[in-house]
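The primary structure of each chain is shown beneath.
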Amino acid sequence: MLRLEKRRQPSQAFAYATPVMAVIATMIFGGLMFAALGKDPVAAIRTIFWDPLFGQHAFYYRPQLLVKGGPLILIAIGLSLGFRAGIWNIGAEGQYILGALGGAGVALAFYPMEGWFIFPLMILGGAIAGCAWAMIPGLLKVRFGTNEILVSLMLVYVAEQLLASMSLGLMKNPQGFGFPGSRNLQQYPSAHNADLIANTGMHWGVAAAFIAVIFAYILLTRHQLGYHIRLTGEAPRAAKFAGVSPARLILFCLGISGALAGLAGMFEVSGPAGQVSIDFNTGYGFTAIIVAFLGRLHPVGILLAGMLMALTYIGGEIAQSSMGLPAAAIQMFQGMLLFFLLAVDVLTSYRLRFGKGEVA
Amino acid sequence: MDLSAINPVLLIASLMVAATAVMIAAIGELIVERAGVLNLGVEGMMITGAICGFAVAVQTGSPTAGFVAATIGGAALSLLFAFLTQFALANQVASGLALTLFGLGLSSLLGQGYQGIKPPATPRLDIPVLTDLPVVGRILFGHDLMVYVGLALVAAVWAFLKYSRAGLILRAVGENHDAAHALGYKVVRIRIMAIAFGGACAGLGGAYISLIRVPQWTEGMTAGIGWIALALVVFASWKPWRVLLGAYLFGGVTVLQLNLQAAGIAIPVEYLSMSPYIITIVVLVIMSADKSRAPASLGRIFHATS
Amino acid sequence: MTEPLLSIRGLTKAYPGVVANDDVSFDIQPGEVHALLGENGAGKSTMVKMIYGLVKPDSGEMRMRGAAYAPAEPQAARASGVAMVFQHFSLFDALTVAENIALGMANPPALRDLAARIREVSEQYGLPLDPWRVVGDLSAGERQRVEIIRCLLQNPKLLIMDEPTSVLTPQEVEILFETLRKLKSEGTSILYISHKLEEIRALCDEATILRLGKKVATCTPRDTTAREMAELMVGAELHTPSRDYNEPGAVRLALNGLSVASPGQFGTSLKGITFEVRAGEVLGLAGVAGNGQDELLGALSGELRSAAGMVVLDGAEIGTKGPGERRRMGLLTAPEERLGHAAAPDMSLTENAALTAVDRRQIATNGFLNWGRARDFAKEIIARFDVRTPGTENAARSLSGGNLQKFVIGREVLQDPQVLVVNQPTWGVDAAAAATIRQAILDLAAGGAAVVVISQDLDELMEVSDRFAALNEGRLSDIRPAKGLTVDEIGLMMGGAHDMEVAHG
């Protein structure tokens, strides 16, 4: 019989090894799934993990990696701070939408005026809108003790309806021949989040993601606030004893994750997406949860995990068009990754022993 | 706008239908949480149940077979969660989220080719005389069987928790798993059974949506009902009868806003559509003052050390 | 002699890195009160867990009335007539007394019938108890009665009691002993685990003494002096703290009618607590667990806030201030629960050193942490308090209870506090570590700090305190000089036997 035995110290080696093990297990089981769907598993895995980087059309896909990875990393960094402290914001998708609406709202308010100050104001608008949306569960939790998981999630559905309302109503393009959706911000130079270096995919949102990684790293390892976040997650009573105010920490963690998700939405709407439309959101807010865990809630880990997840998105799209692999299979593939990570993560704090167990 | 188009008898009858899916899922989750486990994967299990039930019902032509398949599908998926949290000792919040994300993917994969098909109809109860009674007949005796199954489940769970020894043990495990372990109860085994029951209920609730309430298959069709079921358990303060109350409240809001949409009220459709979620938040806020009823071990990881 | 009820031969159980029991053998006779005596960590708990079927021995055998006895689980042990009252009660706060008792029985009758049986048995043994009350609302003594009655309802042949008196007032202890003697007279054997020698001399017929997992002796407590047993138990001369009596100085900490509601549903609110502690003085606060100790520590550490004037430190009103500010002003505290409250289990000792010392040890500048300084401080604590650990980067969880407690107390003492408040400073700590900790407390007071020691261990309080008071249901008794207090007086200060007077009238 197998049994688990708690380690005296969490294993450093396994902390690095478990994400790799999870990726390998996902490749194996994902391959089995692809085979069950009647696709060549080796070809499918190669299409997903290899072709976007080194395949024939890699020059086209590589920039996409940054375009997809940027928002995932940006959102996941924010979420990871809260997750570390045991504060579960799972409504990043809603904050992402609100950020896009906030940013686009600023742009459309100034249209067609041109000016250097418009884009910074949009950034501010996106961050504030996302932050405010996340503050709703934050304030309710602090004031009434309401469960932030459920409230933040409910607000995703509210945000989706708001998005629909905006793209059909207030923000609808008056010159759009009645089609839903706003003006295209890519055609509004002051508001366009263009590539910083042409055709690299490197837009302001990607830069913001890298800055967020560095910021989070310093916060967690060097700053007292980061120490308090970690302490609250590890031992909430000890954190209170150390003088951490739980209310302030909840508001900080939700606020920052909301602001980062809002930023991601703003950069997306003003760049790759271009306009507010009913189907603007594509699940980045939820995928970012996988990214945060896959990166073990560590900033550098999240950076790597975000790129990996972007790879599966792009590779998945290629596999979809070239092999006819269903989009849902890719979604399941990503879900599987989180499953395997959670399953093998136990090895960092526990040792697997063979032999007779105690009475369980 | 014409509010007279809203028929109160039909409104009550249809709110009972609208409430059934969330009620069944919530009563299952209530058992899971009373055992001390927080499974946030209800949405994923519901949508999996929805497609399992739908596919099997279409293939066999039997709604009953569909409901059985949904129950099995939901329970099977929940066992993944049970493995993660009870054996791999993974964080329950993360595992529940993983279950939901995985379930959404799985269901749309399984659901390919089922879009736009009509499932076999589930017959309504039709008792001569009783069903024909004015007002009460339609409200009490004119539903499909699952409406009554849902009510029976609530009653059964209530009796199970209050009167049975197994129910007492389940509550004990949820209150203090270390003490229960010290008394020799199999904490992990009891929790796995509770989780499977919760999964089965969620699957059943999902199938109710795809086979009766809508009835057809579209991706993501549960649209947050699973999350509302979780909110309902909090609203109910972990008491079965209040799940019933909460589900009818939610059903009422849903049906009312649909009726208002149909009646062409001057509020945009999107705002009416978000109202069930907003009202859920409001109710959560009101209920969160009463924290004392949560099972004390809820969400905590159990590992027998000796 | 008759056949022993339970005969234990060569029982051995090893855990990774430690042999909990090494070849232990002894017999328990029918109708005998048998003591299992030893220090914390001597292997008493593992031994009874094996008898109760919670842990399987690696080798050795047990025989019950001559027949092989190897319970695979507690149910099997209970079926064989073995019942156990746990040290940390395995009760369910949100359930009623009757429900709790039903859970501990193999085939309980309907709750209504069970309730009647509970009343009957509880009166028969002088332990009154209302079966419909919610357990979370009961006092520690009453909670223990729930456990005992749960056991008695099964008519056990062997009753195991693990440190039963640690949560009782002296009067409650007397009542418990009456009950146990009555049981013995009816032929029930009792295995009584304790490290309190006088209790064992008063109650037990035989004693088996364990040290570091090995049996060192079996003796008859009535014919053995407490000193002899202590030496067998400890195996070495102990260093007892030396007390320099100083004239107390100015008032450092004053509580003025401190009233705070408990944050927990089943906690105890503080009601009008008033005391003063002067520089150079140790105030000892006794009381059975759950009478407001945790709340008092919280109200002093700043985790619980009160009106400003209720807590006064060196003349400044600090009732509304948080933990950080109080520490900067010189009020330091050490809570009872080491893992999870005083220290974060999975964080390193360096990180745990920073937990309370950020300001007083200048570990942070402008909010940025200087881990080098934190590490130096951790090293200093380890060196000065003889904390046994491979290094500062080890997790707090990896330390033994005694070493972690030395680390926690050392962390506060070395920050040179004006006032130090400690709750249960030596609970579950081996004798050598306990002596170190007590000496540190006394040295601190001798250096001019005011110290408040909250403890359930009366011997400890008598050893360190200048003045003495007791907490009872969130209220504080009169404060008396510690010198010359008798056990009876202390018992009355602790609230007597609560509502147990009916017993054995």
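Going by the structure above, here's the rest.
Residues numbered from 1 in each chain as written. Chains lettered and ligands numbered in written order. Predicted model: local features only at pLDDT ≥ 70, side-chain atom pairs only at ≥ 80, totals over all residues.

1. Some words on the pairing of strand 11 (residues 251-260) of chain C
All names here are of chain C. Across 6 bridges, the pairing between strand 11 and strand 12 (residues 270-278) is antiparallel. Across the sheet, the residue bridging to Leu255 is Phe275, located in strand 12. Note that strand 11 and strand 14 (residues 311-313) share 3 bridges and pair antiparallel. Bridge pairing links Leu255 to Val311 in strand 14. (Pairing = 2+ DSSP bridges. Helix = DSSP H or I, 4+ residues; strand = E, 2+ residues; numbered from the N terminus.)

2. Describing the sheet that holds strand 4 (residues 59-64) of chain C
Hydrogen bonds along the backbone pair up the strands of a sheet, which may run parallel or antiparallel. All names here are of chain C. The 4 strands are arranged 2-1-4-5 in an open sheet whose pairing can be described as antiparallel. Two strands bound the open sheet, and with one partner strand each, they are strand 2 (18-28) and strand 5 (67-68). In terms of strand pairing, strand 1 (residues 6-15) meets strand 4 through 5 bridges, oriented antiparallel. The residue of strand 4 that forms the bridge with Leu6 is Met64.

3. With respect to the interface of chain A and chain B
Contacts between the two partners involve 41 residues from chain A, matched on the other side by 43 residues from chain B. If you tally residues by element for the side of chain A that touches chain B, the top one is helix 14 (residues 327-349) of chain A, at 12 residues. For the side of chain A that touches chain B, the residue count by class is 30 nonpolar, 8 polar and 3 charged. (Contact = placed C-beta atoms within 7 Å. Nonpolar A, V, L, I, M, F, W, Y, C, P; charged D, E, K, R; others polar.)

4. A closer look at the pairing of strand 9 (residues 206-211) of chain C
Residue and element names in this part refer to chain C. Counting buried residues along strand 9, 5 of its 6 residues qualify, which places the element largely inside the surrounding structure. Relative to strand 9, strand 3 (residues 33-37) runs parallel, the two being bridged by 4 bridges. Bridged to Leu36 within strand 9 is Thr208. The sheet contact formed by strand 9 and strand 10 (residues 214-219) spans 5 bridges and is antiparallel. Bridge pairing links Leu210 to Lys215 in strand 10. Hairpin connection of strand 9 to strand 10: 2 residues between the antiparallel strands, including Leu212 at a positive phi of 50°. (Buried ≥ 20, exposed ≤ 12 C-beta atoms within 10 Å, placed from the backbone.)

5. Some points on the interface of chain A and chain C
Counting residues at the interface gives 19 residues for chain A, matched by 32 residues for chain C. Those elements giving two or more residues to the side of chain A that touches chain C turn out to be helix 9 (224-234) and helix 10 (236-242) of chain A. Looking at side-chain class alone, the side of chain A that touches chain C contains 9 nonpolar, 4 polar and 6 charged residues.

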